[in-house]
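# Structure at a glance
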Amino acid sequence: MSGSGGSMLGRRGLRLPPVGILLLLPFLPPPLPPAAPAPHRAAYKPVIVVHGLFDSSYSFRHLLEYINETHPGTVVTVLDLFDGRESLRPLWEQVQGFGEAVAPIMAKAPQGVHLICYSQGGLVCRALLSVMDEHNVDSFISLSSPQMGQYGDTDYLKWLFPTSMRSNLYRICYSPWGQEFSICNYWHDPHHDDLYLNASSFLALINGERDHPNATAWRKNFLRVGRLVLIGGPDDGVITPWQSSFFGFYDANETVLEMEEQLVYLRDSFGLKTLLARGAIVRCPMAGISHTAWHSNRTLYETCIEPWLS
């Protein structure tokens, strides 16, 4: 029986340890505790991209690729609204449309979102930050955007208003009819400041340059932003002056005054001075990049955008 029992145990694959090892067991060190699990990396915040004039979501395929490479798993939404000629629609209409698109994305991201807003889209996004009471934008990345307005002859301007030069475009832009075009909503003629302040239905309002009943609430909303990243450069070729990307602009003599010399900063009319005081403004100028290349330049992405996509 013992022999057959041994063969049965063998067939079942049971291997009894030798007696010597059994005697040593009480003296062996206790087994090591299981290794701690690798720390769980928090997911990257969702990124929302807003395009510029005459653009579409297709223009941002390189930027999308860069984000996927450096921040895998990031949910990136390139909003496909007001494409092409529809981008000429009045900016308040675009703010409403883009606002309806970003609100559900923000609602699903309690940890916050990042905005990357290009050219005219940077003004749309700044207005969104002003009018949305409960926005949760961590980094607002303004990519070559005319934040203090535009005053320059460009190809798209000649196409839209072929008989006008920058010196007389105020006659169109500062009329009720002109304000129906997005470009005129941020046309800023330094030689006709009174007309600009009275007629601008968009830029003068979000800048707090003209009194309106929502000014205090808009300023409070804007200051909810975690960080304002300003990107632009001297070889842009479209934004005029290029320093407008950094809240600089011409005075009446067409001398550029930097952000800290602008009345909107000195008066802190919508929160710029407060943001700078808390170290929440990042300026990233870069030479050698033309206007249509900002969202596809890899070096620019790695230097000025990627560090702020937490």
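One numbering rule holds for all chains: residues counted from 1, following each sequence as written. Restriction of local features to residues with pLDDT of at least 70 applies here, the model being predicted, together with a cutoff of 80 or more for giving and counting side-chain atom pairs; totals for whole chains, interfaces and linings are based on all residues. Remark: hydrogens and water are excluded; side-chain values derive from all non-hydrogen atoms of the structure.

The protein chain is annotated in an unreviewed UniProt entry as Lysosomal thioesterase PPT2 from Canis lupus familiaris. UniProt positions are given in the numbering used here, feature names are shortened, and annotations may be inferred rather than shown by experiment. What UniProt records for the protein chain under Subcellular location (unreviewed entry) is the sentence "Lysosome". Its UniProt record gives the protein chain a comment under Catalytic activity (unreviewed entry), which states: "S-hexadecanoyl-N-acetylcysteamine + H2O = N-acetylcysteamine + hexadecanoate + H(+)".

## Observations regarding unusual backbone geometry
Outside of glycine, negative phi angles account for most residues, and trans bonds account for most peptide bonds. For the peptide bond that leads from threonine 240 to proline 241, omega is -10 degrees, which places it in the cis range. The backbone of serine 119 sits at a positive phi, close to 55 degrees, despite the residue not being glycine. Type-normalised accessible area, obtained with a 1.4 Å probe on protein chains alone, sets the label of each residue: buried when under 20%, exposed when over 50%, and partly exposed for intermediate values. Taking relative accessible area as the criterion, serine 119 reaches 9% and is therefore assigned buried. A positive phi angle, close to 60 degrees, is found at glutamate 254, a residue other than glycine.

## Considering the pattern of salt bridges
Here, a salt bridge means any Lys or Arg side-chain nitrogen found within 4 Å of an Asp or Glu carboxyl oxygen. Under the defined criterion, the tally for this structure stands at seven salt bridges. Between lysine 45 and aspartate 138 there is a salt bridge, and its shortest N-O distance comes to 3.5 Å. Here lysine 45, found in the loop between helix 2 (19-24) and strand 1 (47-50), pairs with aspartate 138, found in strand 4 (residues 137-143); they are 93 residues apart in sequence, far enough to count as distant. The same class applies to lysine 45 as to aspartate 138, namely buried. Arginine 298 is the salt-bridge partner of glutamate 302, the closest N and O atoms lying 3.0 Å from each other. The secondary structure listing takes helices from DSSP runs of H or I that are at least 4 residues long and strands from runs of E that are at least 2 residues long, numbered from the N terminus.

## Structural notes on helix 4 (residues 91-107)
Given 3.6 residues per turn, any residue in an α-helix points the same way as the ones three and four places further on. A helix is expected to reach a length of 1.5 Å times the quantity of its residues less one. For helix 4, which comprises 17 residues, the first-to-last C-alpha distance of 24 Å matches the rise-based estimate of 24 Å (1.5 Å per residue) to within 8%. Note that the bend at a residue is defined as the angle between axes fitted to the seven residues ending at it and the seven residues starting at it. Taken as a whole, helix 4 carries its principal kink of about 25 degrees at glutamate 100; the proline proline 104 stands between one and four residues after it. Within helix 4, the full set of buried residues consists of Leu91, Gln94, Val95, Gly97, Phe98, Gly99, Val102, Ile105 and Met106. Close packing links the buried residues of helix 4 with strand 1, strand 2 (76-78), strand 3 (113-118), helix 5 (120-131), strand 4 and helix 8 (182-185). In what follows, residue pairs with any heavy atoms lying within 4.5 Å of each other are defined as contacts.

## Regarding the packing of helix 5 against helix 11 (residues 215-222)
Between two packed helices, what matters for the description is the angle formed by their axes and the separation of those axes. The contact between helix 5 and helix 11 brings their axes to 6 Å, and the two run at 110 degrees. Comparing the axis directions of helix 5 and helix 11 gives the class roughly perpendicular. Here helix 5 contributes Arg126, Leu129, Ser130 and Val131 to the contact with helix 11, which in turn contributes Ala217, Trp218, Asn221 and Phe222. Classification used: nonpolar for Ala, Val, Leu, Ile, Met, Phe, Trp, Tyr, Cys and Pro, charged for Asp, Glu, Lys and Arg, polar for all others including Gly. Of the residues belonging to the contact of helix 5 with helix 11, the class tally is five nonpolar, two polar and one charged. For helices, the axis comes from a line fit to the C-alpha atoms of the stretch in contact; other axes are also lines fit to C-alpha atoms, and the angle between any two N-to-C directions lies between 0 and 180 degrees. In what follows, roughly perpendicular refers to angles from 65 to 115 degrees, roughly parallel to angles under 35, roughly antiparallel to angles over 145, and oblique to any angle outside these ranges.

## Details of the packing of aromatic side chains
Working definition: rings of Phe, Tyr and Trp (its six-membered ring) pair if their centres are within 6.5 Å, and the pair is stacked with planes under 30 degrees apart, edge-to-face with planes over 60 apart, and tilted otherwise. Per the counting criterion, the structure on display carries 13 aromatic pairs. Between tyrosine 174 and tyrosine 196, the ring centres sit 6.4 Å apart and the planes meet at 55 degrees, which makes this aromatic pair tilted. Linking tyrosine 174 in the loop between helix 7 (170-173) and helix 8 with tyrosine 196 in helix 9 (residues 193-199), this pair joins segments that are 22 residues apart in sequence. Two conditions define a charge located above a ring, namely a distance within 6 Å from the ring centre to NZ of Lys or CZ of Arg, and an angle within 35 degrees of the ring normal. Between the NZ or CZ atom of arginine 126 and the centre of the ring of phenylalanine 270, over which it lies, the distance is 4.6 Å.

## So, the state of the cysteines
The rule for a disulfide is simple: a pair of cysteine sulfur atoms within 2.5 Å. Within this structure, the stated rule accounts for three disulfides. Residue pairing for cysteine 284: its cysteine sulfur links by disulfide to cysteine 304, the two sulfurs lying 1.9 Å apart. The sign of the -60 degrees torsion about the S-S bond sets the cysteine 284-cysteine 304 disulfide as left-handed. Here cysteine 284 is found in strand 8 (residues 281-285), whereas its partner cysteine 304 is found in helix 14 (residues 298-305), with 20 residues between them in sequence. The exposure class assigned to cysteine 304 is buried, which follows from its relative accessible area of 0%. Among the cysteines of the protein chain that take part in disulfides, numbered as they appear in the sequence, the pairing is 1-2, 3-4, 5-6.

## Comments concerning the side chain of histidine 212
Structurally, histidine 212 can be placed in the loop between helix 10 (203-206) and helix 11. Residues adjacent in sequence count toward polar contacts only when both atoms are side-chain atoms; beyond that, a polar contact is any pair of N or O atoms within 3.5 Å, and within protein one must be able to donate a hydrogen and the other to accept it. Engagement of the side chain of histidine 212 in a polar contact is seen with the backbone oxygen of leucine 205, the distance being 3.4 Å. If near-sequence neighbours (up to four positions away) are discounted, histidine 212 is found in contact with Leu205 and Trp218.

## A few points about the pairing of strand 1
With burial as the criterion, each face of strand 1 is covered, one bearing Val47 and Val49 and the other bearing Ile48 and Val50. Looking down the strands as they point away from you, a crossover is right-handed if its path from the first strand over the helix to the second goes clockwise. Chirality of the crossover, the property in question, places the unit of strand 1, helix 3 (residues 61-70) and strand 2 among those that are right-handed. Of the strand pairs in this sheet, strand 1 and strand 3 are connected by four bridges, and their pairing is parallel. Bridging from a neighbouring strand, valine 47 pairs with histidine 114 of strand 3. Paired strands, as defined in this entry, are two strands with at least two bridges between them according to DSSP.

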